[in-house]
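Chain residues, written in single-letter form:
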Amino acid sequence: MKLYRHLAWDGIRKNSRLYVPYLLTGVGAVSFFYILVALSRLPEGTLPGSGSVQVILNLGSFVLWVFSLLLLFYTHSFLIRRRNREFALYNVLGMGKRDIARILCWETLLSGGLSLAGGLALGILLGKLAELGLLRMVGAATDMVYRVSAGGLLLTLGLYAGIFLLILISSLLRVGRSTAVQLMRSQAEGEKPPRANWALALLGILLLAGAYYLAVTIREPLAALTWFFAAVLMVIAATYLLFISGSVALCRLLQKNPRFYYQKRHFVSVSSLVYRMKRNGAGLASICILGTMVLVMLSSTTCLYFGAEDSLHTRYPRDENITAYFPDRASQSGDLTSLRTAVADAVSRSGMSAANVWEYRSVSSVMTIRDGVLSPNEGFGDPVDVTLIPLADYNAAMGTDLTLPQGQVYVCRSRTGYQGTSLTLQNGPTWQVAGLLDNFSPSGSDSASVVTQLWLIVPDLSAADALEQVMNRANMGVSRSWYYGFDLDRQLPDAADPVAEAIRRMAQDGGLMENGVLGVESLAENRGDFYGSYGSLFFLGILLSVGFSLAAVLIIYYKQISEGYEDQARFDIMQKVGMTRRDIRSSINSQLLLVFFLPLLLAGLHLAFAFPFVHKLLLLFNLWNTRLLVGTTAASFLAFAALYLLKNSTCIWRRLAASLLADGVTVIRHVPEIEDVFSMMGILESLGCKCSLEKGVLTVDTKASSGHRIPEEYVGKMRSSCLLLGPLLAGRGEAV
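Keep in mind the model is a prediction, meaning the values are calculated, not measured.

**Student:** Just to check I follow, could you spell out the overall build of the protein chain for this structure?
**Tutor:** Summing up its helical and strand segments, the protein chain has 24 helices and 13 strands in all. Classification of the 736 residues of the protein chain by burial places 51% in the buried group. Restricting to contacts in the protein chain with at least 6 residues of sequence separation, those with at least 24 account for 81%. Put simply, the protein chain shows about 34100 Å² of open surface, and 60% of that area lies on carbon and sulfur atoms.

In structure tokens:
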């Protein structure tokens, strides 16, 4: 038993370059999950709102767990692939598969235990900081009570132990089904010349074109919500197909062009890209998808958070929003003075006064409009919420003096794109459109509607009789209401509104309406829930964006490690076929530029086409501030691009590493003067090179270079020092 444990620990220690990122991934995933679960279990009353914050946090923790499952499987599959040769040697030396299985069990126990212990410890350590950040974002009061969620600890421990158990089972099945020869050759899998799969490449193009078409053609928020997830799946599938199959097909197409392909600069880069994109296309596609997810999440949640006040006032246009619903036309057309007086008494008894009064009567129903004909919506066609408002109420509310003869209507275009000259009720009269009106603000409940709004100003309420007849024939009916909203002379504290409570008590006592129902919505009572929901979404967006960004960093790291091992042989082969070191450097640089920018550029393209979708979805949150969304989207892309450039700054390290292949002087321009650059220069100087950096121009002279040992202090300080292994082995036969 000690032997297996020793071999397992020795394998982890000797492969620390591979295991440390895997362990850090586990620690980060466990800590993030525990933090979300612990925050969702805060004592009642700590978070504002009516439970919406807890629902959002629970949903976020589920998404994070599923993502952790996929990411840990991906990283472990790469790790176990690099270990297959070692397991094959164990098998050749006499160990059976049961012995290898015991080593894997101990490795999983050790790595899983370290990940769980480190993740829970980090989660507990950072839990209070995350709690303070969340409470600040949702506008809640903070305290300095340090809390540890026992339920959160057990749930995290159970779910992530399950992930590591699934990883162990997968590893055991993989080793159990493989022979020693297969394990020895597993690292060389994929060396067969890849074939261009034009069918899959074309399918990727069609899927991407279809998703983009949906994004730019859908006009209604409800339709956007329906098709959004389908479009997301189409984009994900298309991205993987294009990176894996489409890139190979493109390289094959370039190879068929003799003028382009048979040039020294393009010959090596294109032919090697065929193999590189086949193996690493999935990784590049994952980076692109993760980048797109980060960009969409950051832009949308940031827009929601900073636009929360606009959204709140769109949903609740006044401090007090009263809506009375009437059963028939007679009740709606009656004298409403008693209602106004009762509301005014409730306001005065609360020691306040009303201002900015806004009122109107309306008749509405859900219909379908096609070719200018309005018909009842019976489940076919896009629903349209048609609302009729008498001209007298519109003039009083807007301070206008419009006139309108019978048979004509005005169309309010604040939330509709109708441009027709007439409207016809099914089996009813035809109304001529007298003109288009702007700046009419509907009630909050109407603003919250997710369907298309068609507001019609009619001469009087008698025009609604024809609408009611059409709807009654379809057994659907209409909704008759009176909206009465006003502001108070002072701002009320959140969740406390004595005026709304007084009006509700009067309505319950039956002193306001004999026929009908009266509802009251208060801005103050709902402010906490709004800021709690939007603040928690912003917090979750930041947390998941950090997680997805770290996952992209991890994929880039493993991708660089795998390419470093491959380059060790490629450098040697290139020189044996007679290419000069200068030609080799040129081909490497052209590949790096393509692979470096492609995921970022495609993520930016995805974001640009996702913008209309995101804009429509934000309308469901009553957020109409397009300028704010444009600003947050642009800022998110610039911030992510800067982070991406920082993550991929090893492009410079690769060029520095490639300089060892040159017999003379290599000049690299646009080099930042940062500590890592100076550390890499120190490594090169320890190998006998002469380096200088002035005004962003780095010069490396390798004429006197003869060393092959990288100083240990630099190896521990810079992970990018591994990029020197290939050039050293190719040029000097050994590297330490």
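Next, the rest of the story.
**Student:** I keep staring at the pattern of salt bridges and nothing clicks. Help me out?
**Tutor:** Side chains that differ in sign of charge can pair as their charged atoms come close. Tallying each qualifying case throughout the model produces 14 salt bridges. Notably, a salt bridge pairs Arg480 with Glu468, separated by 2.9 Å at the nearest N-O pair. Pair noted here: Arg480 is in strand β9 (residues 479-488) and Glu468 is in helix α16 (residues 464-473), with a separation of 12 residues, a long-range link. The salt bridge partner of Glu501 is Arg504, with a shortest N-O separation of 3.3 Å. Of this pair, Glu501 and Arg504 both sit in helix α17 (residues 498-508), separated by 3 residues, roughly a single helical turn. Judged by relative accessible area, which is 23%, Arg504 ranks as partly exposed. Each of Lys128, Glu131, Asp143 and Arg147 takes part in a single network of salt bridges with overlapping partners.

**Student:** Is there a simple way to explain the pairing of strand β3 (residues 373-376) in this structure?
**Tutor:** Across a regular strand the side chains alternate sides, sitting on one face of the sheet and then on the other. Pairing analysis gives 4 bridges linking strand β2 (residues 354-370) to β3, with the strands arranged antiparallel. Residue pairing in the sheet places Thr368 in a bridge with Ser375 of β3. Here β2 hands over to β3 after 2 residues, with Asp371 in that stretch at a positive phi of 55°. With 2 bridges connecting them, β3 and strand β6 (residues 422-425) associate as parallel partners. Bridge pairing in β6 places Val373 opposite Thr424.

**Student:** Any chance you could explain the packing of helix α13 (residues 337-349) against α17 here in plain terms?
**Tutor:** The relative placement of two packed helices comes down to the angle between their axes together with the axis-to-axis distance. The interhelical angle for the contact between α13 and α17, taken along N-to-C directions, is 135°, at an axis separation of 9 Å. By the angle between their axes, α13 is oblique relative to α17. Considering only the axes of α13 and α17, their crossing is right-handed. Residues Ala342, Val343, Ala346, Val347 and Arg349 of α13 form the contact with α17, whose participating residues are Val499, Ala502, Ile503 and Met506.

**Student:** Sorry, what's going on with helix α1 (residues 2-14) here?
**Tutor:** Count 3.6 residues to each turn of an α-helix, and residues three or four apart come out pointing the same way. Here α1 spans 18 Å end to end across 13 residues, near enough to the 18 Å set by a 1.5 Å rise per residue. Residues Tyr4, Leu7, Ala8, Asp10, Gly11 and Ile12 constitute the buried set of α1.

**Student:** I keep staring at the pairing of strand β7 (residues 430-437) and nothing clicks. Help me out?
**Tutor:** Looking at chain direction, strand β5 (residues 408-412) and β7 are connected through 5 bridges and run parallel. In the sheet register, Gln408 faces β7, and the bridge partner there is Gln432. Here β6 pairs with β7 via 3 bridges, running antiparallel. Of the residues in β7, the one forming a bridge with Leu423 is Trp431. Taking the residues between adjacent antiparallel strands as the criterion, β6 and β7 are bridged by 4 residues, where Asn427 takes a positive phi near 55°.

**Student:** Help me understand the sheet that holds strand β11 (residues 665-668), please; the structure alone is not making it clear to me.
**Tutor:** Pairing between sheet strands relies on hydrogen bonds along the backbone, with the strands arranged either parallel or antiparallel. Taken together, the 3 strands give an open sheet; going across it, the order is β11-β13-β12, and neighbouring strands pair in antiparallel fashion. Both outer strands of the open sheet, β11 and β12 (690-694), are each paired with one neighbouring strand and no more. Put simply, the sheet's adjacent strands are angled 15° from each other on average, direction ignored. Alignment of β11 against strand β13 (residues 697-701), held across 4 bridges, turns out to be antiparallel. Within the sheet, the bridge partner assigned to Val667 lies in β13 and is Thr699.

**Student:** Help me out: how do you make sense of α13 in this one?
**Tutor:** Taking 1.5 Å per residue as the helical rise, α13 with its 13 residues ought to reach 18 Å, and the 18 Å between its terminal C-alpha atoms agrees with that figure. Listed as buried for α13 are Leu339, Ala342, Val343, Ala346 and Val347. Burial along α13 is one-sided: seen end-on, the buried residues are contained in an arc of 140°. Packing partners of the buried residues in α13 comprise β1 (320-326), β2, β9, α17 and β10 (517-522). Two residues or fewer after α13 comes Gly351, characterised by a positive phi angle close to 80°.

**Student:** How should the nonpolar core be read in this particular structure?
**Tutor:** Soluble globular proteins tend to pack their nonpolar side chains together in the buried interior. Residues Tyr22, Leu39, Leu57, Tyr160 and Phe539 are the most contacted members of the largest nonpolar core, which totals 82 residues. The element that contributes the greatest number of residues to this core is helix α18 (residues 523-576), accounting for 16 residues. Beyond its immediate chain neighbours, meaning those up to four positions away, Phe539 contacts Leu36, Leu39, Leu57, Ala130, Leu134 and Met137.

**Student:** Just checking my understanding: could you explain the environment of Ser348 for this structure?
**Tutor:** Position of Ser348 among the secondary structure elements: in helix α13. We classify Ser348 as partly exposed; its relative accessible area is 45%. Spatially, the C-alpha atoms of Ser348 and Val499 are 8.8 Å apart, while their sequence positions differ by 151 residues. At a separation of 2.9 Å, a polar atom in the side chain of Ser348 contacts the main-chain carbonyl oxygen of Asp345.

**Student:** Teacher, can you tell me more about the side chain of Asp487 here?
**Tutor:** The topology assignment puts Asp487 in strand β9. Buried charge without a partner: Asp487 forms no salt bridge, and the closest opposite charge is Arg318, 4.3 Å away. Setting aside its immediate chain neighbours within four residues, Asp487 contacts Pro317, Arg318, Asp319, Ser353, Ala354, Ala355 and Asn356.

**Student:** Got a minute to help me understand the packing of aromatic side chains in this structure?
**Tutor:** Following the criterion strictly, the structure yields 16 aromatic pairs and no others. Relative to Phe613, the ring of Phe228 lies with its centre 5.6 Å away and its plane at 80°, an arrangement referred to as edge-to-face. Placement of Phe228 in helix α8 (residues 221-255) and of Phe613 in helix α19 (residues 581-619) is noted, with a sequence separation of 385 residues between them. In this structure, Phe228 and Phe613 share a single accessibility class: buried. With centroids separated by 5.7 Å and ring planes inclined at 45°, the aromatic side chains of Tyr360 and Tyr483 adopt a geometry described as tilted. Of the two residues, Tyr360 sits in strand β2 while Tyr483 sits in strand β9, which places them 123 residues apart along the sequence. With a relative accessible area of 1%, Tyr360 lands in the buried category. Under the relative-accessibility criterion, Tyr483 is labelled buried at 3%. By way of ring pairs, the aromatic residues Tyr316, Phe530, Tyr534 and Phe621 are connected into one cluster.

Calculation rules
Residues numbered from 1 in each chain as written. Predicted model: local features only at pLDDT ≥ 70, side-chain atom pairs only at ≥ 80, totals over all residues. Heavy atoms only, no water. Helix = DSSP H or I, 4+ residues; strand = E, 2+ residues; numbered from the N terminus. Buried < 20%, exposed > 50% of the residue type's maximum accessible area, 1.4 Å probe, protein only. Contact = heavy atoms within 4.5 Å. Areas by Shrake-Rupley, 256 points an atom, 1.4 Å probe, with all protein chains shown as cover. Salt bridge = Lys/Arg side-chain N within 4 Å of Asp/Glu carboxyl O. Pairing = 2+ DSSP bridges. Axes fitted to C-alpha atoms, helices over the stretch in contact; angles between N-to-C directions. Parallel < 35°, antiparallel > 145°, perpendicular 65-115°, else oblique. Left-handed = near helix turned anticlockwise from the far one by under 90°. Expected span 1.5 Å × (residues − 1). Arc of directions from axis to C-beta. Core = buried A, V, L, I, M, F, W, Y, C linked by side-chain atoms within 4.5 Å. Polar contact = N/O pair within 3.5 Å; in protein donor to acceptor, adjacent residues only side chain to side chain. Lys, Arg positive; Asp, Glu negative; His and termini not counted. Phe/Tyr/Trp six-rings, centres within 6.5 Å; stacked < 30°, edge-to-face > 60°.

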